[in-house]
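Structural description and commentary
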Amino acid sequence: MTRYQPYWLLLALAGGAFLVATLAPYRVDVDTGFQLRSLQQWVRGESPNPGTLRLPDPHDLSRDALVWSTWWPPGFPFLYSPLAATGLSLAAALRITSFLLCLAGSLGWLRLTELFALPRTARLLYAVSLAAYAGTIGGAATLSSADVLSYAFAPWLVALVLRQGGETSPLRLVLTGLALGSSYWLKYTLFVMALPLAGWLAWRVGLGGGGPWTSRASRLAALALGLALPVAALLAIDLRHSESLSASASGSRSDWVSDQPQDIGLLPATLGLAAAPGLALFQNHVWITHLVYFSDSRLPFLRNLGNAHRLRVKSLLGIPITAALVWGLALGLRGRARGALPSLALTVTAGFYLLLAIVSMAIGYNYLANEPRFGVAILPLVQAPALAGWLAGCGPSASRGRRAASALLLAACFGAPLLFVTADFAKNQIADRRTAPYTAAATGLFMPEISPRSVPEVQAAVAAVLRSPRDIVVLAGPLGWGSPLMMWLDFPWRTLPETTFLGPLGTGYRDAANLRSSGPLTVSRPLRVVLVVAKSLLAGGELPRLQARFPQARTWQAAPAPVHSNVVLWFSDLEVP
């Protein structure tokens, strides 16, 4: 029974987090909101599949266009589609699917780390740390990204690779390669983790194995073939729906420019490379990001720092934790069984971050410092022996200095982030959403950008202005990271988002969906356009600028909106000469 105690503890904590989360309305973020729109349209019969988005045509808003975005892989909306198609509310389908994925990943990581033969205390604490993912990337109360897919599938890919011996048949290697390559359909960062995993396996069965060179070459070829097939298939699908191979491989990322200047030279990349494992370790990045970006009132020296300098501060705080990770691994792996798992864990972790550094330099965006959450694809594997190492350092046989250092690391690098994640989940994701009465739309989602009280009343106000199913709603949410790509989930009409984050929409919408653009928006058939504009945009003159983009508009009229709403409504009829 001792062996199963961590599993029961994990089930209780993770299940409890998801159960408590049902007390508050569900929240999605921009990354997931964009992908869920196509899923939502597929459920309603408006789209041919969960990965294809139907939007007003940027050249003629009276027509529709189908968009297959390559900004993210298609796995996310397809995996969430089965429950969404059953008739459950969108929020309920997201909660249940996220719970199953989070549970699959947590159990996979816990089962995998049994191979380290860790002490019972270390395994119990490790189970607690895995349960904390439910409140961050796991989707208990908020589905902010598709990182839960990396978390769910990565341990099973590692387990699959570990089962392949030096004399593995070419057929098995083809199948293993197919599994690794399929990660390209799920999450690009999961594929970044799968590449060094495939490299480690290639060394084991080919370059480092025995037997005739012809046999080893055939095994390597089989693995490479399996790995390449899913990637080539998705690239072919992307290319069919894209203007160029460059666009199909990376969506609009190749020419995307972030709103904020990025610190991504050689020095920042080196700092980020040294800091990223520490920032991801036990999710230390959650409290460190809060400290660096939201503590100006308490830390005056931060007030005059721009984003690039804050990223450097964030990296500098992560580097000591990376050093603590290395020290913990040295202690945790000492004297333990020397199977294949330790070498795999260290090789894949190093390879993952090196590849992420190369991608950061190539694209010009510092993923290492900005997105340490990507480490969820591999860091849970090395967290377990590091934790065991720190615990071993607290033992009675250790020196006084070593016990003090180990206790400090446990408190600062394990206890502090765990407490912060728990407090953030309880306050910001549960309590703050229950402070005032809130009525969600049929989706069950929490959208205070539309209204902090009642989204259905705002929906009714918009519906009252529309005359035809072909009329169009132009949605301009608060300035920031693509708020309309969340809000449109509660707008079931033909909707064109106006946003500053329009990369996922592809190059065809670079002007039409750009909130800062002045390009004309026209129609070939008469219809009514309804502008739903965030009140926070009015002071900046966004409303008249948006109205001026419709040269075919008659006189603009204000439509009544609920007093509590966070948007204003304006409409006009577009004429065709």
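To be clear, the structure that these remarks concern was listed above.
This structure is a prediction, so every number in the text was calculated from the model and none was measured.

A word on the sheet that holds strand β8 (residues 557-559). Think of a sheet as strands paired side by side through backbone hydrogen bonds, with each pair either parallel or antiparallel. Overall, mixed pairing links the 5 strands, which are arranged β6-β5-β7-β9-β8 in an open sheet. Strands with a single pairing partner mark the edges of an open sheet, and in this sheet they are β6 (494-498) and β8. This sheet shows a mean twist of 25 degrees between the axes of neighbouring strands, independent of strand direction. Across 8 bridges, the pairing between strand β7 (residues 527-534) and strand β9 (residues 567-574) is antiparallel. By the bridge assignment for β9, V529 is matched with S572. Lying over the sheet, helix α20 (residues 455-465) contacts β5 (472-476), β7, β8 and β9, oriented at roughly 15 degrees with respect to β9.

Turning our attention to the nonpolar core. Ranked by size, the top nonpolar core spans 98 residues in total, and within it V158, M193, L197, L344, F352, L381 and W390 carry the most contacts. Counting residues in each nonpolar core, the second largest holds 77 residues, with L36, A146, F501 and L543 among its members.

Here we take up helix α15 (residues 307-333). Within an α-helix, residues lying three or four positions from one another point in the same direction, as the helix has 3.6 residues per turn. For α15, spanning 27 residues, the distance from its first C-alpha to its last is 38 Å, which sits close to the expected 39 Å at 1.5 Å a residue. Of the residues flanking the end of α15, it is G335, one or two places downstream, whose phi is positive at about 75 degrees.

If you walk through the whole model with that rule in mind, you get 18 aromatic pairs. Relative to F414, the ring of F282 has its centre 5.0 Å away and its plane inclined at 90 degrees; by these criteria the two rings are edge-to-face. A residue pair is termed long-range when its members are at least 10 positions apart, and F282 in the loop between α13 (266-280) and α14 (284-294) and F414 in helix α19 (residues 400-430) qualify at 132 residues. You can call F282 buried: its relative accessible area is 6%. Owing to a relative accessible area of 7%, F414 belongs among the buried residues under this scheme. Ring pairs connect the aromatic residues F34, W71, W72, W488 and F501, which therefore count as one cluster.

In this section: the pattern of salt bridges. Counted according to the given criterion, the structure contains 19 salt bridges. In this structure, R470 engages D64 in a salt bridge whose closest nitrogen and oxygen atoms are separated by 3.5 Å. You can see R470 sitting in the loop between α20 and β5 and its partner D64 sitting in strand β3 (residues 60-67), a full 406 residues away along the chain. Taking the relative accessible area as the measure of exposure, D64 reaches 26% and is therefore partly exposed. One salt bridge in this structure joins D147 and R373, with 2.1 Å as the shortest N-O distance. In this pair, D147 sits in helix α7 (residues 147-162) while R373 sits in the loop between α17 (367-370) and α18 (379-393), placing the two residues 226 residues apart along the sequence.

Scoring rules and cut-offs
Residues numbered from 1 in each chain as written. Predicted model: local features only at pLDDT ≥ 70, side-chain atom pairs only at ≥ 80, totals over all residues. Heavy atoms only, no water. Pairing = 2+ DSSP bridges. Helix = DSSP H or I, 4+ residues; strand = E, 2+ residues; numbered from the N terminus. Axes fitted to C-alpha atoms, helices over the stretch in contact; angles between N-to-C directions. Contact = heavy atoms within 4.5 Å. Core = buried A, V, L, I, M, F, W, Y, C linked by side-chain atoms within 4.5 Å. Buried < 20%, exposed > 50% of the residue type's maximum accessible area, 1.4 Å probe, protein only. Expected span 1.5 Å × (residues − 1). Phe/Tyr/Trp six-rings, centres within 6.5 Å; stacked < 30°, edge-to-face > 60°. Salt bridge = Lys/Arg side-chain N within 4 Å of Asp/Glu carboxyl O.

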